[in-house]
Every structure is written in C-alpha cells, then in structure tokens.
Amino acid sequence: YPDLLYKKTGTTWNNYYKISCVRNPWDLCVSYYWWSMWSTPDHFKDVQIRQGDSYADVIRKFKKFLFSPASIRDYVDPNTEFFKTTLDFLLRESDRFTTDDIDFYIRFENIDKDIKSLCKNINIPPGDIPRFKSTQRKRSMHYVEYYDNIAKSVVGEKFKNYIEKFGYYF
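What counts, and at which threshold
Residues numbered from 1 in each chain as written. Predicted model: local features only at pLDDT ≥ 70, side-chain atom pairs only at ≥ 80, totals over all residues. Heavy atoms only, no water. Helix = DSSP H or I, 4+ residues; strand = E, 2+ residues; numbered from the N terminus. Buried < 20%, exposed > 50% of the residue type's maximum accessible area, 1.4 Å probe, protein only. Contact = heavy atoms within 4.5 Å. Areas by Shrake-Rupley, 256 points an atom, 1.4 Å probe, with all protein chains shown as cover. Polar contact = N/O pair within 3.5 Å; in protein donor to acceptor, adjacent residues only side chain to side chain. Axes fitted to C-alpha atoms, helices over the stretch in contact; angles between N-to-C directions. Parallel < 35°, antiparallel > 145°, perpendicular 65-115°, else oblique. Left-handed = near helix turned anticlockwise from the far one by under 90°. Nonpolar A, V, L, I, M, F, W, Y, C, P; charged D, E, K, R; others polar. Core = buried A, V, L, I, M, F, W, Y, C linked by side-chain atoms within 4.5 Å.

Colleague: Explain the overall build of the protein here, please?
Modeller: A count of helical and extended segments in the protein gives seven helices and four strands. In sequence order, the secondary structure elements of the protein are arranged as α-β-α-α-β-β-α-β-α-α-α. For the protein, buried positions account for 39% of its 170 residues. Considering only intrachain contacts with a sequence separation of at least 6, the fraction spanning at least 24 residues in the protein is 63%. Within the structure as shown, the protein displays about 10,700 Å² of accessible surface, and the carbon and sulfur contribution to it stands at 53%.

Colleague: When you look at the side chain of Gln 48 in this model, what are you seeing that I'm missing?
Modeller: As for its position among the elements, Gln 48 is in the loop between helix 2 (25-39) and helix 3 (55-67). Assessed through its relative accessible area of 12%, Gln 48 is described here as buried. Only 2.7 Å separates the side chain of Gln 48 from the backbone oxygen of Pro 41, close enough to count as a polar contact. Setting aside anything within four residues of it in sequence, one finds Gln 48 in contact with Tyr 33, Met 37, Pro 41, Asp 53 and Lys 61.

Colleague: Where do I start with the packing of helix 3 against helix 6 (residues 149-158) in this structure?
Modeller: Helices that pack against each other are described as a pair by the angle of their axes relative to one another and the distance between those axes. Interaxial distance between helix 3 and helix 6 falls to 10 Å at its minimum, and their mutual angle equals 30 degrees. Considering the angle they form, helix 3 stands roughly parallel to helix 6. As for how helix 3 packs across helix 6, the hand of that crossing is left-handed. Counted together, Lys 63, Leu 66 and Phe 67 of helix 3 and Ile 150, Ala 151, Val 154 and Val 155 of helix 6 form the full contact between these two elements. Looking at side-chain class alone, the contact of helix 3 with helix 6 contains six nonpolar, no polar and one charged residues.

Colleague: How should I be thinking about the nonpolar core in this particular structure?
Modeller: One recurring pattern in soluble globular proteins is that nonpolar side chains are buried together. By size, the foremost hydrophobic cluster in this structure holds 32 residues, and its most contacted members are Tyr 146, Tyr 147 and Phe 159. Within the residue set of this core, elements represented by two or more residues are helix 2, helix 3, helix 4 (86-96), helix 6 and helix 7 (160-166). Examining the composition of this core, we find that seven residues originate from one element, helix 2, more than from any other. In this view, Tyr 147 contacts Pro 25, Trp 26, Cys 29, Val 30, Ile 59, Phe 62, Leu 66, Lys 152, Val 155 and Phe 170; residues no more than four positions away in its chain are not counted. Among the nonpolar cores identified, the runner-up in size contains five residues, and Phe 104, Ile 106, Ile 115 and Leu 118 belong to it.

Colleague: Please clarify how unusual backbone geometry should be interpreted in this entry.
Modeller: Most peptide bonds are trans, and most residues other than glycine sit at a negative phi. Of note in the backbone geometry, Asn 123 takes a positive phi value of approximately 60 degrees without being a glycine. In this structure Asn 123 comes out as exposed when scored by relative accessible area, which is 69%.

Colleague: Can you help me understand helix 4 in this one?
Modeller: Given 3.6 residues per helical turn, the α-helix brings residues three or four places apart onto the same face. With ten of its eleven residues buried, helix 4 lies for the most part within the structure. Among the residues of helix 4, Thr 86, Leu 87, Asp 88, Phe 89, Leu 90, Leu 91, Arg 92, Glu 93, Ser 94 and Arg 96 are the ones counted as buried.

Spelled out as structure tokens, the structure:
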C-alpha cells in the first residue's frame, strides 16, 4: 500500500517514478469475486456460483457477494477494524493505489501495451509478462453478464471518480 509505505519509510518519494495499476471497476469486482471464492471458499458457500446456475442465479449470488458485509482491517492502523460491504472494501483499496502522485498507470486491460510504454519511458527493455491467477474463474462469462441494473449502477456510483479519472465504462 503506497500510503503505508510512505508512512513507514518517511522517504522523499517525489524523487521516485511511481507506478500503479488500474482496472475497469466492474471487471475488478468480478475478478475479486472469483479470487475470494478460490482463496476462502468456506467463507462464501452461500454465494458460490456453480456450473449449473442460471444467469439469474449468477447475478443474484454475485450481487449478494458485492453488498455483503466485509470485515476490513485498516492497514495503516492494524488495531482498527470496521465493517462495510465488499464493494466498499474494493473502492477503498483501489483509491489507495490511484493517488495524485502516481506518475504512470498500467491499465490491466492494456497490460502488454502499457508495460512496453512504461519500459520505453524509463529506458529499460520490456520482458515477458507472466500470467498469474488465471484459473480462478469457474465460468467463462464476460464481466457484464454478472450485473443487473442495480449492481451496475451502484458500482458506477461508488467508483464514479475512478471511472471519470480513467475513462472506464460498462
């Protein structure tokens, strides 16, 4: 977390080229859903999407996951813990990596192109980008298929500044 790093090190970060990664918030939510199902499946039994689920079931389970309470530990002050929704957690974490002092953003959906551009900017040769966490999704659906109008609208409203800053759309 950049804020934690800055606080712990006290270094003058203005002398460094700061890089962060962003992702379409609707796709980010779907990705986090599948990561959560893979990493802590027992915690999310009631919202696990199964192969035989209808699209209505997928949308219902995904929406329940997004709006369910999430226990969030504050990494700046580990003694602080509060409850909000999973969606609020994702927004807070995204905000931590999109501060005004970032010099270059890599867009997840343009990762190859943006890494090459970054390497050119800082004068280093680009390398191959490994793929991680590419097997967690158990249904091959486009992210838009997980949303009904309510969930789509709430994510759009919560991530409004993020969407405007990076030009994302549903």
